[in-house]
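The lines below spell out each chain.
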Amino acid sequence: MAMNTVWRDYQVPSDIIAPGALSTAKSVSLTETKDLRKKDPCHVMQKIRQGGGLSIGAYMSDRPVAEILHQAASQALEIAGNAKSPGRAELNLTLKIQSLDFNVMVGFAQGMLKGVIQAQAVFTDPSSGKVVWEGICEGAGRTGTGDLVKSAFTSALTDFIQNLSACPGFK
């Protein structure tokens, strides 16, 4: 199976969330990010298929997808001023990646690639361990230029972080 590394040394965009965007929210410790997809290895972004047949390769990241999402969420919490170390936060947050899909959208004059990230966000009270809020958070992005998989993923990741920051778990 051919492998195509999508990127190396991916850096989360510094403008992924506005400073102070969560200023009214509780402090959060991002404790864990798990990848629950049935992909092996966990670096797989998307399998490459011809006409829906067997996989002929895969688009890969240079590190686990869960690590990239964890870094993005951690950085967003730090920028927003809500990140706290474990034991000092009002809430603990665990992210569980459910899916990461890329779909080709064909138009009249141009094709585009749409990326969608879905992860379950689980907020727990660190003192009691009880779940305060949980739900699915999604991010979607699309592109028609440049490195399509990287651009679509970056766009979807930014949308995911912005949607995560607006979820009821922070309130």
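Our subject is the structure listed above.
Here is what the cut-offs are and how they apply
Residues numbered from 1 in each chain as written. Predicted model: local features only at pLDDT ≥ 70, side-chain atom pairs only at ≥ 80, totals over all residues. Heavy atoms only, no water. Helix = DSSP H or I, 4+ residues; strand = E, 2+ residues; numbered from the N terminus. Buried < 20%, exposed > 50% of the residue type's maximum accessible area, 1.4 Å probe, protein only. Phe/Tyr/Trp six-rings, centres within 6.5 Å; stacked < 30°, edge-to-face > 60°. Salt bridge = Lys/Arg side-chain N within 4 Å of Asp/Glu carboxyl O. Polar contact = N/O pair within 3.5 Å; in protein donor to acceptor, adjacent residues only side chain to side chain.

Visitor: Just checking my understanding: could you explain the environment of Val65 for this structure?
Guide: Here Val65 shows up in helix α1 (residues 65-80). Residue classification places Val65 among the buried positions, given a relative accessible area of 3%.

Visitor: Help me out: how do you make sense of the packing of aromatic side chains in this one?
Guide: Any aromatic ring pair is given by two values, namely how distant the centres are and how the planes are angled relative to each other. A full pass over the atoms with the stated rule returns 1 aromatic pair. Ring centres of Phe123 and Trp133 lie 6.1 Å apart, and the angle between their planes is 55 degrees; on these two criteria the pair is classed as tilted. On the criterion of sequence distance, the pair formed by Phe123 in strand β6 (residues 111-124) and Trp133 in strand β7 (residues 131-143) is long-range, its members being 10 residues apart. Using a relative accessible area of 0% as the deciding quantity, one classes Phe123 as buried.

Visitor: I would appreciate a short explanation of the pattern of salt bridges in the present structure.
Guide: Oppositely charged side chains can form a pair if their charged atoms are brought close together. On inspection of all chains with the given rule, the structure shows 3 salt bridges. Among the salt bridges present, the one from Arg37 reaches Asp35, with a minimum N-O distance of 2.9 Å. By relative accessible area, Arg37 is classed as buried at 8%. For Glu67, the salt bridge goes to Arg63, with nearest N and O atoms at 3.7 Å.

Visitor: Where do I start with the side chain of Arg37 in this structure?
Guide: Structurally, the position occupied by Arg37 is in the loop between β2 (28-35) and β3 (44-49). In terms of polar contacts, Arg37 uses its side chain to reach the side chain of Asp35, at 2.9 Å.

Everything listed is a geometric property; what it means functionally is a separate question.
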